[in-house]
Amino acid sequence: MKEYYYNILLDPAKLPDAWYNINSDLPSPLPPPLHPATHQPIEPSALQAIFPNALIEQEVSNQPYISIPGEIMDIYRLWRPTPLRRAYRLEKALDTPAKIFYKNESVSPSGSHKLNTAVAQAYYNQKEGIHGLTTETGAGQWGTALSIACSMFDMSCIVYMVKISFKQKPYRRTLMQSYGAKVIASPSDTTDFGNQILTQDPESTGSLGIAISEAIEVAVKSEGKMKYTLGSVLNHVLLHQTIIGEEAKLQMDSVGEYPDIVIGCVGGGSNFAGLAFPYAQDVLKKGKKITFLAVEPAACPTMTRGLYAYDFGDTAGMTPLLKQYTLGHNFMPPGIHAGGLRYHGVAAQVAHLIRHNIITPISVLQNPVFEANILFAKCEGIISAPESGHAIRIAIDEALKCKETGEAKTILFNLSGHGHFDMSAYEAYLNNDLPDYELGEDILKSGFDSIPKV
Ligand SMILES: *Cc1c(COP(=O)(O)O)cnc(C)c1O
């Protein structure tokens, strides 16, 4: 009987000690962020009301590598390096000549990749004397990650949780509270913006954009005691996630493998970028050929059907304007179960590389995603997050294409998290009760109307 080596583990002593900054290798500079009111390029110092200096420096840095402070490395070592796994059993089930590998970020204490940046953000804030952090959360993964990070650095944490998730995911809420966070359903009566929304629509179930506006308002009004944190989209967040791809490269190298295709699901773009950017460096600098597939839900088709334009990150229009793909900051996506992928925009760096034809966006419906999740669970034993299932679906589709053509391509995808708190989504799928949303042009049009004219 053949012995399979499923897990490709990295020696903990070889944990990478620097993040890779793709700004240093972009084919052209990123379009600058603009001031929300004047629409002129914003001075980095204007961000000081909400972010600490170290993170603002990272946001605009062009240094190729930024070393990871020892205190962060020490916390990373609680679960990093994460395993790279060869999905032999999935390959067999698909009867494909393709080799399928995945990076398993679900083994972190928060159950997703988000802790990689939460720990870094809490560290830099605490070092600059900040007592607490505010943020928003949709499905709950980011709020959970930040709650853990704050507890590790002895900081307070206020999480504005989109009201519909607050009601639908009570255990996510309890999880955050267990780590000491204060969790508030958004829209709430604790902020001016929340009150404004509630006056217009007392029944509002909330959105990520509204929750962001509330969390920023609290940080801005805290007189420097609290700062705001974002779990995706911004350059510094994507930077922190590159630890995933840095490890994956060492692990793939250790078994003499190199990917033809790299796949990740995309909400704001951070887990995808985390795996893809260190490999994109090889494409940009060394002329390597890799197909990068960025997968989004058809119900929130930011990259595949959005406009490439400057837009706000939040509903109230308080954030700087970033050049990105956007469905409009007022866009309200249907209530699909991949809550982490229900965002109207995408990271500027990811959008930029799509414009340069380095990254290819692709969208999928949720029933095919759950079909893939179930097959993956049966083969690999892991219940994937609904979000990560988007990457699994496309990895399977690419492997099936190889079966057609007889090509033995090497496929690498990111398993961004587990789905242990998403069983209601699995239940709906198993009961044939999961709708597939194909958005009409009219729905997209009304979102586009909210994109500012710059
Ligand atoms: C938040 C989240 C995502 C989406 O966010 P990105 O910044 O695009 O990575 C994907 N998967 C999981 C498990 C998440 O928690």
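All of these numbers come straight from a predicted model, not from anything done at the bench.

Peer 1: So what's going on with the nonpolar core? Residues and values would help.
Peer 2: Grouped together as the largest cluster of nonpolar side chains are 94 residues, with contacts concentrated most on Trp-19, Ile-72, Tyr-228, Phe-277, Phe-292, Val-350 and Ile-359. Here the element with the most residues in this core is helix H11 (residues 270-286); it accounts for eight residues. Two domains each put at least three residues into this core: domain 1 (7-14 + 80-111 + 237-448) and domain 2 (115-228). Dropping the residues within four chain positions of it, Ile-359 is found in contact with Phe-272, Phe-277, Phe-292, Ala-294, Val-350, Leu-353 and Ile-354. With 33 residues, the next largest nonpolar core counts Ala-372, Ile-392, Ile-396 and Leu-434 among its residues.

Peer 1: Tell me about the pattern of salt bridges, and please be specific about residues and values.
Peer 2: Per the stated rule, a full pass over the model turns up 18 salt bridges. As a salt-bridge pair, Arg-85 and Glu-380 come within 3.2 Å of each other at their nearest N and O atoms. Within this pair, whereas Arg-85 is found in strand S4 (residues 84-86), its partner Glu-380 is found in helix H14 (residues 366-380), the two being separated by 295 residues in sequence. The exposure class of Glu-380 is buried, given its relative accessible area of 8%. We note a salt bridge from Asp-95 to Lys-403, for which the minimum N-O separation is 4.0 Å. Residue Asp-95 is found in the loop between helix H3 (88-94) and strand S5 (99-104), and its partner Lys-403 is found in helix H15 (residues 386-405); the two are separated by 308 residues along the sequence. Since its relative accessible area comes to 41%, Lys-403 is described here as partly exposed. Taken together, the salt bridges that share partners define one network made up of Arg-80, Lys-103, Glu-105 and Glu-247.

Peer 1: Mind laying out the domain arrangement of the chain, listing which residues take part and the relevant values?
Peer 2: How big an interface is tends to be stated in terms of accessible area lost as the parts join. Assigned domains of the chain: these are domain 1 (7-14 + 80-111 + 237-448) and domain 2 (115-228). For domain 1 and domain 2, the distance between their C-alpha centroids amounts to 25 Å. Each partner contributes to the interface: domain 1 provides 26 residues, whereas domain 2 provides 26 residues. Both faces considered, domain 1 and domain 2 share a buried interface measuring about 1900 Å² in area, 62% of it formed by carbon and sulfur atoms. Where domain 1 packs against domain 2, one counts one salt bridge. As a salt-bridge pair, Lys-169 and Asp-422 come within 3.0 Å of each other at their nearest N and O atoms.

Peer 1: Tell me about the packing of helix H5 (residues 141-152) against helix H7 (residues 170-178), and name the residues and values.
Peer 2: Where H5 contacts H7, the two axes come as close as 8 Å, and the packing angle between them is 15°. Taken together, the axes of H5 and H7 are roughly parallel relative to one another. Our pair here, H5 against H7, has a crossing hand that is left-handed. Of H7, the residues touching H5 (which contributes Gln-141, Gly-143, Thr-144 and Ser-147) are Arg-172, Leu-175 and Met-176. Among the residues making up the contact of H5 with H7, the classes are represented as two nonpolar, four polar and one charged.

Peer 1: Run through the packing of aromatic side chains, naming residues and quoting values.
Peer 2: Counting across every chain of the model gives 15 aromatic pairs. Centre to centre, the rings of Tyr-76 and Trp-79 are 5.9 Å apart; their planes meet at 75°, and the pair counts as edge-to-face. Neither residue differs from the other here; Tyr-76 and Trp-79 are each classed as buried. Aromatic pair Tyr-308 and Tyr-325: ring centres 5.2 Å apart, planes at 45°, arrangement tilted. In this pair, Tyr-308 is assigned in strand S12 (residues 307-311) and Tyr-325 in strand S13 (residues 322-326), connecting sequence segments 17 residues apart. The ring of Phe-166 carries the charged tip of Arg-173 above its face, separated from the ring centre by 4.2 Å. Between Lys-249 and the ring centre of Tyr-279, over which it is positioned, the NZ or CZ distance is 5.6 Å.

Peer 1: Tell me about the site of the ligand, residues and numbers included.
Peer 2: Looking at the ligand, there are 18 residues lining it, with Lys-114, Ser-232, Gly-267, Ser-270 and Asn-271 nearest. Measuring from an oxygen atom of the ligand, one finds a side-chain N or O atom of Asn-271 at 2.7 Å. Ser-416 is positioned such that a nitrogen or oxygen atom in its side chain is 2.7 Å from a nitrogen atom of the ligand. Protein contacts shield 98% of the accessible area of the ligand, which totals 380 Å² for the unbound molecule. Classifying every residue of the shell around the ligand gives four nonpolar, 12 polar and two charged.

Peer 1: Can you break down the layout of surface pockets residue by residue, with the values?
Peer 2: Reported here for the largest pocket is a volume of approximately 670 Å³. If you trace the largest pocket, you find 36 residues lining it, with Pro-33, Glu-59, Leu-234, Asn-235 and Leu-322 closest to the centre. Secondary-structure elements contributing two or more residues to the lining of the largest pocket are helix H1 (53-60), helix H10 (235-254) and S13. Ranked by the residues each element gives to the lining of the largest pocket, the list is headed by H1, at four residues.

What counts, and where the lines are drawn
Residues numbered from 1 in each chain as written. Predicted model: local features only at pLDDT ≥ 70, side-chain atom pairs only at ≥ 80, totals over all residues. Heavy atoms only, no water. Core = buried A, V, L, I, M, F, W, Y, C linked by side-chain atoms within 4.5 Å. Buried < 20%, exposed > 50% of the residue type's maximum accessible area, 1.4 Å probe, protein only. Helix = DSSP H or I, 4+ residues; strand = E, 2+ residues; numbered from the N terminus. Domains from an automatic or database assignment. Contact = heavy atoms within 4.5 Å. Salt bridge = Lys/Arg side-chain N within 4 Å of Asp/Glu carboxyl O. Buried area = accessible area lost by both parts, 1.4 Å probe. Axes fitted to C-alpha atoms, helices over the stretch in contact; angles between N-to-C directions. Parallel < 35°, antiparallel > 145°, perpendicular 65-115°, else oblique. Left-handed = near helix turned anticlockwise from the far one by under 90°. Nonpolar A, V, L, I, M, F, W, Y, C, P; charged D, E, K, R; others polar. Phe/Tyr/Trp six-rings, centres within 6.5 Å; stacked < 30°, edge-to-face > 60°. Lys NZ or Arg CZ within 6 Å of the ring centre and 35° of its normal. Near = heavy atom within 4 Å. Polar contact = N/O pair within 3.5 Å; in protein donor to acceptor, adjacent residues only side chain to side chain. Areas by Shrake-Rupley, 256 points an atom, 1.4 Å probe, with all protein chains shown as cover. 1 Å grid on protein atoms, 1.4 Å probe; cavity = no way out; pocket = protein on both sides within 12 Å on 5 of 7 lines; lining within 4 Å. Points joined across faces, edges and corners; volume = space filled by probe spheres on them.

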